Amino acid sequence: MTTHRITLLPGDGIGPEITAVARLLLDAVAARHGFSLAYDERPVGAAAIDATGVPLPESTLEACRASDAVLLAAIGDPRCDSLPRELRPESGLLALRAGLGLFANLRPVRIIPALIEASSLKREVIEDVDLLVVRELIGGVYFGTPKGRVEAEGRVRAFNTMAYFDDEIDRIARVGFRLARERKGRLCSVDKANVLDVSQLWRDRVEAIHAEFPEVELSHMYVDNAAMQLVRAPRQFDVLLTSNLFGDILSDEAAMLTGSIGMLPSASLGADGPGLFEPVHGSAPDIAGQDRANPMAMVLSAAMLLRVGLQQDAAAAELEASVDRVLAAGFRTGDLAAEGATVLGCDAMGQKLLEALEA
Ligand code: IPM
Ligand code: MG
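Report follows, based on the coordinates. (Residues numbered from 1 in each chain as written. Chains lettered and ligands numbered in written order. Predicted model: local features only at pLDDT ≥ 70, side-chain atom pairs only at ≥ 80, totals over all residues. Heavy atoms only, no water.)

1. Re helix 7 (residues 197-210)
Link 1 in the chain: For helix 7, with 14 residues, the first-to-last C-alpha span of 20 Å sits near the 20 Å given by 1.5 Å per residue.
Link 2 in the chain: What helix 7 keeps buried is the set Val-198, Ser-199, Trp-202, Arg-203, Val-206 and Ile-209. Seen along its axis, helix 7 keeps its buried residues to an arc of 140 degrees; they face one direction.
Link 3 in the chain: In this fold, the buried residues of helix 7 make contact with strand 5 (130-136), helix 6 (166-182), strand 8 (186-191), strand 9 (217-222), strand 10 (239-242) and helix 9 (244-255). (Helix = DSSP H or I, 4+ residues; strand = E, 2+ residues; numbered from the N terminus. Expected span 1.5 Å × (residues − 1). Buried < 20%, exposed > 50% of the residue type's maximum accessible area, 1.4 Å probe, protein only. Arc of directions from axis to C-beta. Contact = heavy atoms within 4.5 Å.)

2. Topic: the pattern of salt bridges
Link 1 in the chain: A complete count under the given rule lists 20 salt bridges for this structure.
Link 2 in the chain: In this structure, the salt-bridge partner of Arg-203 is Asp-191, at a minimum N-O distance of 2.8 Å. Of this pair, Arg-203 sits in helix 7 while Asp-191 sits in strand 8, and the two are 12 residues apart along the sequence.
Link 3 in the chain: The exposure class of Arg-203 is buried, given its relative accessible area of 18%.
Link 4 in the chain: Here Glu-320 and Arg-307 are joined by a salt bridge, their closest N and O atoms 2.9 Å apart. With Glu-320 in helix 11 (residues 313-328) and Arg-307 in helix 10 (residues 296-309), this residue pair connects regions lying 13 residues apart in the sequence.
Link 5 in the chain: Note on Arg-307: relative accessible area 29%, which makes it partly exposed.
Link 6 in the chain: Because the salt bridges share partners, they merge into one network encompassing Asp-50, Asp-77 and Arg-79. (Salt bridge = Lys/Arg side-chain N within 4 Å of Asp/Glu carboxyl O.)

3. Side note on the side chain of Asn-105
Link 1 in the chain: With respect to the helices and strands, the residue Asn-105 is situated in strand 4 (residues 104-110).
Link 2 in the chain: Looking at Asn-105, the relative accessible area reads 0%, which means it is buried.
Link 3 in the chain: A polar side-chain atom of Asn-105 sits 2.8 Å from a polar atom in the side chain of Arg-107.
Link 4 in the chain: Within polar-contact distance, the side chain of Asn-105 engages the backbone oxygen of Ala-267 at 3.3 Å. (Polar contact = N/O pair within 3.5 Å; in protein donor to acceptor, adjacent residues only side chain to side chain.)

4. Brief notes about the environment of Lys-122
Link 1 in the chain: Secondary-structure assignment places Lys-122 in the loop between strand 4 and helix 5 (123-126).
Link 2 in the chain: Taking relative accessible area as the criterion, Lys-122 reaches 57% and is therefore assigned exposed.
Link 3 in the chain: On a C-alpha basis, the gap between Lys-122 and Tyr-164 in space is 38 Å, while along the polypeptide they are 42 residues apart.

5. Thoughts on the site of ligand 1
Link 1 in the chain: If you check the shell around ligand 1, you find Glu-90, Arg-97, Arg-107, Arg-135, Tyr-142 and Asp-248 and nothing else.
Link 2 in the chain: A distance of 2.7 Å is found between an oxygen atom of ligand 1 and a side-chain nitrogen or oxygen belonging to Arg-97.
Link 3 in the chain: Arg-135 is positioned such that a nitrogen or oxygen atom in its side chain is 2.8 Å from an oxygen atom of ligand 1.
Link 4 in the chain: Here ligand 1 loses 78% of its free accessible area of 320 Å² to cover by the protein chains.
Link 5 in the chain: A per-class count over the shell around ligand 1 returns 1 nonpolar, no polar and 5 charged. (Near = heavy atom within 4 Å. Areas by Shrake-Rupley, 256 points an atom, 1.4 Å probe, with all protein chains shown as cover. Nonpolar A, V, L, I, M, F, W, Y, C, P; charged D, E, K, R; others polar.)

6. Considering the packing of helix 8 (residues 223-232) against helix 9
Link 1 in the chain: For the pair helix 8 and helix 9, interaxial distance at closest approach is 10 Å and the crossing angle is 10 degrees. One way to sum up the angle between helix 8 and helix 9 is to call them roughly parallel. Together, Val-223, Ala-226, Ala-227, Leu-230 and Val-231 of helix 8 and Phe-246, Leu-250, Glu-253 and Ala-254 of helix 9 make up the contact between the two elements. (Axes fitted to C-alpha atoms, helices over the stretch in contact; angles between N-to-C directions. Parallel < 35°, antiparallel > 145°, perpendicular 65-115°, else oblique.)

Honestly, that's just the spatial picture; any functional story needs more than this.
Spelled out as structure tokens, the structure:
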């Protein structure tokens, strides 16, 4: 029997609760498909700061490197907001992404018919939306230098650098074009080339790489317009290709088309080595430990891990179908609560998903 090695990173806030649900379902689906999963659970984020003093212990990174795929729940804890930046949970996540070379972040946004009323947008705007945000993940202003904070002549100045090398743009552009080719064949590259030099290089390189993918239809859009178009007419998009910061912002916006950020999975991939799979949502410290979290984005991230990370397509499809079934039957978590729906806690939702899987 094949055994896949999974590094589990429950992290902070609601992370441990939703990790428990994902693990339950992963084990069940693995048993049904004749493979097994060996977990290595490691701390990251505030949990790691508490345990070891740093947000990404070397042993956690090593464990990730040695596994077939990594499943991360969420990091972030308001207790850490006043720590020096390098000791904050977010820095651990960035170091993890960089340490594994995960330059491509894929955030699919698909409308789930049962949830259409949960969106703040009108049905006719969001019906049939099926788009994919491809976000560059280990470059741009998140990582650019110089950066810092200096005091001079009675004033304080803080700064970051938004920079890309041509080859960093080329490799993420190729990922975007390849995925567009497998989908509806349309790639929209989002930048701010009317103002930023770094965006002009982005646009030039995306144009150049387009020559390798003549069958894909390429368009460009400024990020402010893209933010508007996402809520005005989101069906126009197939693949949205963009830089680290713009992708961070646009993927939260795109997530809300589905009614809840609690439904969105993501995959972060490098040139080789294990991928990292995580929900788009954060650690939700306000509801942590209260059994109120929505575990579905985590379960869908586990499904992405099965499909993209382990090539277990049938098992992935079964997990996804269990989410669809539970929603279609009217079960909801608090974030999705609608008239007439049965609201379940995180644990109970996990049990429902398990029942749906085994039905
Ligand atoms: C995300 C998150 C992270 C990011 C934070 C937690 C560092 O918002 O994955 O979108 O900005 O990349
Ligand atoms: Mg974000």
